[in-house]
Amino acid sequence: MSLIQLKNVKYTYRNSYNSNEVLKGISCDFEQGKVYALVGKSGSGKTTLLSLLAGLDTPQSGEVLYNGKATAKSNLTQYRRENVSVIYQSFRLFPLLTVLENVMYPMELRKVKAKKAREDAKKYIMSVDLGEEKFDRFPNMLSGGEQQRVAIARSLAMHTNLLLADEPTGNLDKANSDNIVQLLRRLAHEQNYCVIIVTHDHAIRNIADIVYTMEDGRLVSGVANELNSSDMEE
């Protein structure tokens with residue numbers, strides 16, 4: 001069963017001088033337990049599609065449905081807080097908070113008690129292969145790959161089923177990129193997340209279960225990667 005669906009979604013950017021239709025009738029489904037790669041040239045509409053999935057806006061026509069309910073009929077602030085986690089290329093960690101405090105932050109927003117938030121944050125940090133010695137470090141004391149792991153741990157602390165990523169390996173070297181790619185794959189296949197990644201990284205394309213290709217605001221193909229079943233050996 002689909003966690004999130006797009007049905008004939010259209011979206012146009014408008015200003016005082018012109019308009020630009022960036023999504024031209026997109027229909028596709030996303031399920032839990034799978035990794036999806038959204039690929040295509042710059043300007044094809046990938047990032048706009050991701051922003052609609054994230055609830056940053058609603059389509060001008062068509063529907064984005066989360067568990068069967070249109071986001072246009074939801075409180076978007078509540079939808080983003082309860083249903084969506086987003087990982088960015090630039091990490092977006094709070095520079096004056098420690099690793100532990102960064103990961104605790106989403107739980108504090110949900111009024112989780114400080115002791116439980118701290119203990120849970122430690123578990124999330126260690127689940128992305130960072131050790132206890134990193135807990136009290138600030139982001140600028142970490143490598144790019146370590147910062148992205150902290151960003152993923154913070155996303156896990158959101159307690160959502162939908163994990164969106166916008167070029168998550170764009171600022172990383174190959175070794176760190178490969179580690180992040182495998183981590184995202186494990187989250188889908190072992191912890192049942194729906195992971196949707198906008199990317200130009202061929203490594204992500206290769207490990208994705210489904211590759212959606214966009215061109216000029218349209219979905220031109222959706223291909224299942226037969227090599228990446230959930231029981232594939234790591």
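A brief look at the structure comes next. The shown structure was predicted, so the numbers you read here are calculated from the model rather than taken from an experiment.

1. Regarding the packing of helix α3 (residues 99-109) against helix α4 (residues 114-127)
So, point 1. With their axes 8 Å apart at the nearest point, α3 and α4 run at an angle of 120 degrees to one another. In terms of orientation, α3 and α4 fall into the oblique class. Relative to α4, the crossing made by α3 is right-handed. In this structure, α3 contributes V99, L100, V103, M104 and M107 to the contact, and α4 contributes A114, A117, R118, D120, A121, K122, Y124 and I125.

2. Thoughts on helix α6 (residues 174-191)
So, point 1. Here α6 spans 25 Å end to end across 18 residues, near enough to the 26 Å set by a 1.5 Å rise per residue.
So, point 2. Looking only at α6, the buried set comprises S177, I180, V181, L183, L184, R185, L187, A188 and H189.
So, point 3. Backbone geometry just after α6 places N192 at a positive phi near 70 degrees.

3. Regarding the nonpolar core
So, point 1. Counting residues in hydrophobic clusters, the biggest one holds 41 residues, and the most contacted among them are V103, I125, I152, L184 and V195.
So, point 2. If one sorts the elements of this core by residue count, α6 sits on top with six residues.
So, point 3. When neighbours within four sequence positions are excluded, L184 is seen to be in contact with V35, I87, I152, L163, P168, V195 and I197.
So, point 4. Membership of the second largest hydrophobic core comes to 29 residues, among which are L6, Y79, V84 and C194.

Cut-offs applied
What you see as residue numbers is a count from 1 along each chain, following the sequence as written. Under the rules for a predicted model, residues below a pLDDT of 70 receive no local features and side-chain atom pairs below 80 are neither given nor counted, while totals for whole chains, interfaces and linings still include all residues. Based on all heavy atoms of the structure, the side-chain values leave hydrogens and waters out of the count. Here, axes are lines fitted to C-alpha atoms. For helices the fit covers the stretch in contact, and angles between N-to-C directions go from 0 to 180 degrees. The secondary structure listing takes helices from DSSP runs of H or I that are at least 4 residues long and strands from runs of E that are at least 2 residues long, numbered from the N terminus. Small angles under 35 degrees read as roughly parallel and large ones over 145 as roughly antiparallel, with 65 to 115 read as roughly perpendicular and the rest as oblique. Rotating anticlockwise by less than a right angle from the far helix to the near helix defines a left-handed crossing, while the corresponding clockwise rotation defines a right-handed one. It only takes one pair of heavy atoms within 4.5 Å for two residues to be counted as in contact. What a helix should span is 1.5 Å times the count of its residues minus one. Burial classes: relative accessible area under 20% of the type maximum marks a residue as buried, over 50% as exposed, and values in between as partly exposed (1.4 Å probe, protein chains only). Buried residues of nine kinds, namely Ala, Val, Leu, Ile, Met, Phe, Trp, Tyr and Cys, make up a nonpolar core once their side-chain atoms join them within 4.5 Å.

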